[in-house]
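Descriptive structure summary
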Amino acid sequence: MEPYWKVIEQIVKESDLVLEILDARMIESSRNEELEKMIKKIKRPVIVVINKSDLVSSKELDMGMDKLRKEGVKDALYISCRKKSSIRNLMIKIRKVFNMFGKREKIEDSKKSGVHREAEGKIVVGVVGYPNVGKSSIINALSFKKKAKVTVRAGTTHGAHWIASSGNIKFIDTPGVIPMKYMDKTKLDLIGAREVGKIKDKEIIAAKIINLFLDKNKEILEKKYGIKIKKGDDAYEIIEDLGRVKKHLKKKGVVDEQRTSTLIIRDWQQGKLKMGG
Ligand SMILES: Nc1nc2c(ncn2[C@@H]2O[C@H](COP(=O)(O)OP(=O)(O)O)[C@@H](O)[C@H]2O)c(=O)[nH]1
Ligand SMILES: [Mg+2]
């Protein structure tokens, strides 16, 4: 097994309960099948947490939740780290799921692994998910202390993990680096798991981001960038237009598409392009 998966497996084993964090803007893409299988095998209860709900409309969120339920996810909720009420709801959910699990499976399981946290009065919560989905931010919000490092640059929680606590709950943060070969790179770039400087085909990713808006909410792009999108404009034409507006020009007045694409990707990854909300 790859070292990365060993670390994650260890964290899951140490946990009584796992939070799988997803990005509200790409709920499906930010799920990780391999990770979910592993958690299931180790028999830990999971709460699927759709984070960054402030960046999408409530309609979108409801649709995403419906889809998750249909796919058999029992415990899911959406939150935003920027909302106190969200964090409260998540805390309530953690205690609820932990107590239910305690009755259902925990006793048998704890005999095997030798873990008996109820007796210790502690709940260990492992927080997993792709880089940049907000794991560290959630831990910080839940523990009311700044402990886990939050970064605008993707993939900066390396190797070691932090443990933060809140009352009798301990949180384990997980490293943000997943070996790239396990994942669809485009998907990762959209989630923001890779820093923009490391993305080679910036235009392709920028075009994908634009396409996410073109169908339903192109006004968001128009407003954010002060451009006018005509019917039938494709993503590359929009990059071109934006490059002119921003004066991202090379010699002879040719638009520097790399530079404009970088701007779009960065704004998206940093949550500066809301899809509604
Ligand atoms: N808009 C918005 N941004 C968030 C939210 N949670 C985290 N972020 C931002 O997402 C980026 C990555 O967060 P971080 O906690 O470091 O993610 P991690 O890599 O999963 O630990 C940071 O710029 C955070 O400020 C949220 O609920 N809403
Ligand atoms: Mg982190």
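Residues numbered from 1 in each chain as written. Chains lettered and ligands numbered in written order. Predicted model: local features only at pLDDT ≥ 70, side-chain atom pairs only at ≥ 80, totals over all residues.

This brings us to the overall build of the chain. Counting its regular elements, the chain contains eleven helices and six strands. Relative to its 277 residues, the chain shows a buried fraction of 38%. Across the chain, the fraction of contacts at a sequence separation of at least 24, relative to all contacts at a separation of at least 6, is 66%. (Helix = DSSP H or I, 4+ residues; strand = E, 2+ residues; numbered from the N terminus. Buried ≥ 20, exposed ≤ 12 C-beta atoms within 10 Å, placed from the backbone. Contact = placed C-beta atoms within 7 Å.)

Taking strand neighbours across the sheet as the criterion, the six strands line up as β3-β2-β1-β4-β6-β5 in an open arrangement whose pairing is mixed. Two strands close off the open sheet at either side, each with one partner strand: β3 (76-78) and β5 (163-166). Taking each pair of neighbouring strands and ignoring which way they run, the sheet shows an average axis angle of 25°. Relative to β3, strand β2 (residues 46-51) runs parallel, the two sharing three bridges. Bridging across to β3, I50 finds its partner in Y78. (Pairing = 2+ DSSP bridges. Axes fitted to C-alpha atoms, helices over the stretch in contact; angles between N-to-C directions.)

Regions with low pLDDT carry predicted coordinates that are not meant to be interpreted in detail. Model confidence for the chain is summarised by a mean pLDDT of 84, while 82% of its residues fall at 70 or above. Low pLDDT, under 50, characterises residues 152-158; the stretch is placed with 24 contacts to residues that sit more than four places away or in other chains. (pLDDT = per-residue confidence, 0-100.)

Before going further, it helps to examine the packing of helix α10 (residues 235-245) against helix α11 (residues 257-269). For the pair α10 and α11, interaxial distance at closest approach is 9 Å and the crossing angle is 95°. Relative to α11, the element α10 lies roughly perpendicular. Across the interface between the two elements, I239, L242 and G243 of α10 pack against E257, T260 and S261 of α11. Class assignment for the residues of the contact of α10 with α11 results in two nonpolar, three polar and one charged. (Parallel < 35°, antiparallel > 145°, perpendicular 65-115°, else oblique. Nonpolar A, V, L, I, M, F, W, Y, C, P; charged D, E, K, R; others polar.)

Buried residues dominate strand β4 (residues 123-128), accounting for six of its six residues. Of the two faces of β4, the one holding I123, V125 and V127 and the one holding V124, G126 and V128 are both buried throughout. Two elements, strand β1 (residues 17-23) and β4, share four bridges in a ladder whose sense is parallel. Paired with L17 across the bridge in β4 is V125. Taken together, the five bridges between β4 and strand β6 (residues 169-173) define a ladder with parallel strand orientation. For I123, the partnering residue across the bridge sits in β6 and is I169.

To continue, consider the nonpolar core. In summary, soluble globular proteins display a tendency toward joint burial of nonpolar side chains. In this structure, V49 and V127 are the most contacted members of the largest nonpolar core, which totals 63 residues. When residues of this core are assigned to domains, at least three map to each of domain 1 (3-182) and domain 2 (195-269). In this structure, V49 is in contact with L19, E20, I21, L22, L77, I79, L90 and I138, ignoring residues within four places of it in sequence. (Core = buried A, V, L, I, M, F, W, Y, C linked by C-beta atoms within 7 Å. Domains from an automatic or database assignment.)

The subject of this paragraph is the pairing of β6. Where β5 and β6 come together, four bridges link them in antiparallel fashion. Its bridge partner being in β6, S166 is matched across the sheet by I169.

Turning our attention to the environment of S30. Note on placement: S30 falls in the loop between β1 and α2 (33-41). We classify S30 as buried; it has 25 C-beta atoms within 10 Å. For the pair formed by S30 and L190, sequence separation is 160 residues and the distance between their alpha carbons is 9.5 Å. Contacts of S30, omitting those with residues within four sequence positions, involve L22, D23, G129, Y130, V133 and I191.

Looking now at helix α8 (residues 202-214). Helix length check: α8 (13 residues) gives 18 Å between terminal C-alpha atoms against 18 Å at 1.5 Å per residue, within 8%. Along α8, the residues that are buried comprise K202, I205, A206, I209, I210 and F213. On an axial view of α8, the arc spanned by its buried residues comes to 140°, and they lie on one face. (Expected span 1.5 Å × (residues − 1). Arc of directions from axis to C-beta.)

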